[in-house]
Amino acid sequence: MRKKIVAGNWKMNTLPAEGVELAKGVVAGRGEVCSCVNFIVCPPFTHLAMVAEALKGSDVALGAQNCAAEAKGAYTGEVAASMIAALGCKYVILGHSERRQYYGETSATLNKKMEQAYANNLTPIYCVGENLEEREAGKHFDVVKAQIEEVVYNLTEEQFRNLVIAYEPVWAIGTGKTATADQAQEIHAYIRKVLADKFGAAAAECPILYGGSCKPSNAAEIFAKEDVDGGLIGGAALKAEDFLAIGKGFAK
Ligand code: 13P
């Protein structure tokens, strides 16, 4: 049985006090959703300590949206994996398309970030996904394959067993456009095959999340697919009620 996960990527939204309220709302309503669903919230760095406090005593986990490629030192403005781990993070989102696109993150950088995450007992939520041009040219399979081969293939099997993948088609992020459930299943199954080519049977245990305009009205249909193990949620994670309602989308 693979883990079912609903993770909220708050991106650069909410002020710290609003983030605390949001986290408290998730904790308060969490009991209405199956305990089989693992909820994760990923606020901005500035909110982590306060949100950690708000999550205390609940089973809602904390994640960060990024970490530095280096362990420590003279890297002005960066935040080390050890720092976020010390604040109570269990997860870190790495390789989000916004980081690849706006901050020039390459596979070389991501390999170093993955190493830092594992060195600090964080579970990476590694994002892959194609842009619109690549989808229209039918290159989406090749794009996600390369993103996996260049980074995930460098992991040990032990590290791989502690990894979450998020498939996020760039054309569906924040656009209101969602991949259809069939499109999601097709590429999730492909991703699992690419993982199995390297890691064998362990690939069957790896949670693969869908991300891209996932909301209460479409989550159930997408999550019902065999190889979809949950979602990485942007906009809809900013309202506790919507975020929790997405978790109710698990019928299996
Ligand atoms: P939206 O849910 O706002 O489309 O964002 C998805 C995403 O990028 C999550 O990481």
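Model, not experiment: these values are computed from the prediction.

Undergrad: Which residues make up the pattern of salt bridges, and what are the values?
TA: For the coordinates displayed, the defined rule picks out 16 salt bridges. One salt bridge in this structure joins Asp229 and Arg2, with 2.8 Å as the shortest N-O distance. Here Asp229, found in the loop between α10 (216–223) and β8 (230–233), pairs with Arg2, found in the segment before β1 (4–9); they are 227 residues apart in sequence, far enough to count as distant. Salt bridges sharing common partners tie together Arg2, Arg192, Asp227 and Asp229.

Undergrad: Describe the pairing of strand β2 (residues 37–42), listing the residues and the values that go with them.
TA: Side-chain positions along a regular strand alternate between the two faces of the sheet. Counting buried positions along β2 yields five of six residues, so the element is predominantly enclosed. Pairing of β1 with β2 involves six bridges; the strand directions are parallel. Each residue of the ladder has a partner; that of Asn9, found in β2, is Cys42. You can see the chain leave β1, run along helix α1 (residues 16–29) and come back into β2, and the turn it takes is right-handed. Inspection of the sheet shows β2 paired to strand β3 (residues 61–64) by two bridges, in the parallel sense. By the bridge assignment for β3, Val41 is matched with Leu62. Between the parallel pair β2 and β3, the chain is carried across by helix α2 (residues 48–55), and the sense of this crossover is right-handed.

Undergrad: Describe the layout of surface pockets, listing the residues and the values that go with them.
TA: Estimated volume of the largest pocket: approximately 520 Å³. Lining the largest pocket are 21 residues, and of these Lys11, Met12, Gln65, Arg99 and Tyr103 lie nearest its centre. Ranked by residue count, the leading element in the lining of the largest pocket is helix α4 (residues 97–102), at three residues. Of the residues belonging to the lining of the largest pocket, the class tally is 11 nonpolar, six polar and four charged.

Undergrad: Account for the site of the ligand, with residues named and values stated.
TA: Taken together, the residues surrounding the ligand are Asn9, Lys11, His96, Glu168, Ala172, Ile173, Gly174, Gly212, Ser213, Leu232, Gly234 and Gly235. Within the side chain of Asn9, an N or O atom sits 3.0 Å from an oxygen atom of the ligand. At a separation of 2.9 Å, an oxygen atom of the ligand approaches a polar side-chain atom of Glu168. Here the ligand loses 95% of its free accessible area of 310 Å² to cover by the protein chains.

Undergrad: How would you explain the packing of helix α7 (residues 140–149) against helix α9 (residues 181–199) if you had to name every residue and give the values?
TA: Relative to each other, α7 and α9 sit at 40 degrees, their axes nearing to 10 Å. Between α7 and α9, the interaxial angle falls into the category oblique. The interaxial crossing formed by α7 with α9 has right-handed handedness. Where α7 abuts α9, its residues His140, Phe141, Val144, Lys145 and Ile148 lie against Glu186, Ile187, Tyr190, Ile191, Val194 and Leu195. The residue makeup of the contact of α7 with α9, split by class, is eight nonpolar, one polar and two charged.

Undergrad: With reference to specific residues and values, describe the state of the cysteines.
TA: What is meant by a disulfide is a covalent connection between two cysteines, made through their sulfur atoms. Applying the stated criterion across every chain yields a total of one disulfide. Cys206 takes part in no disulfide bond, and the closest cysteine sulfur, belonging to Cys127, lies 12 Å away. Taking the relative accessible area as the measure of exposure, Cys206 reaches 2% and is therefore buried.

Undergrad: Tell me about the packing of aromatic side chains, and name the residues and values.
TA: Here the structure, examined in full by the defined rule, presents seven aromatic pairs. Seen in terms of ring centroids, Phe141 and Tyr190 are 4.9 Å apart; in terms of plane orientation they differ by 70 degrees. Their pairing is edge-to-face. Of this pair, Phe141 sits in helix α7 while Tyr190 sits in helix α9; the two residues are 49 residues apart in sequence, bridging distant segments of the chain. When the centroid spacing of 6.4 Å and the interplanar angle of 50 degrees are considered together, the rings of Tyr167 and Tyr210 count as tilted. With a gap of 43 residues between them, Tyr167 in strand β6 (residues 164–167) and Tyr210 in strand β7 (residues 208–210) connect regions that are remote in the sequence.

Calculation criteria
- Residues numbered from 1 in each chain as written.
- Predicted model: local features only at pLDDT ≥ 70, side-chain atom pairs only at ≥ 80, totals over all residues.
- Heavy atoms only, no water.
- Salt bridge = Lys/Arg side-chain N within 4 Å of Asp/Glu carboxyl O.
- Helix = DSSP H or I, 4+ residues; strand = E, 2+ residues; numbered from the N terminus.
- Buried < 20%, exposed > 50% of the residue type's maximum accessible area, 1.4 Å probe, protein only.
- Pairing = 2+ DSSP bridges.
- Right-handed = clockwise from strand over helix to strand, strands pointing away.
- 1 Å grid on protein atoms, 1.4 Å probe; cavity = no way out; pocket = protein on both sides within 12 Å on 5 of 7 lines; lining within 4 Å.
- Points joined across faces, edges and corners; volume = space filled by probe spheres on them.
- Nonpolar A, V, L, I, M, F, W, Y, C, P; charged D, E, K, R; others polar.
- Near = heavy atom within 4 Å.
- Polar contact = N/O pair within 3.5 Å; in protein donor to acceptor, adjacent residues only side chain to side chain.
- Areas by Shrake-Rupley, 256 points an atom, 1.4 Å probe, with all protein chains shown as cover.
- Axes fitted to C-alpha atoms, helices over the stretch in contact; angles between N-to-C directions.
- Parallel < 35°, antiparallel > 145°, perpendicular 65-115°, else oblique.
- Left-handed = near helix turned anticlockwise from the far one by under 90°.
- Contact = heavy atoms within 4.5 Å.
- Disulfide = S-S within 2.5 Å.
- Phe/Tyr/Trp six-rings, centres within 6.5 Å; stacked < 30°, edge-to-face > 60°.

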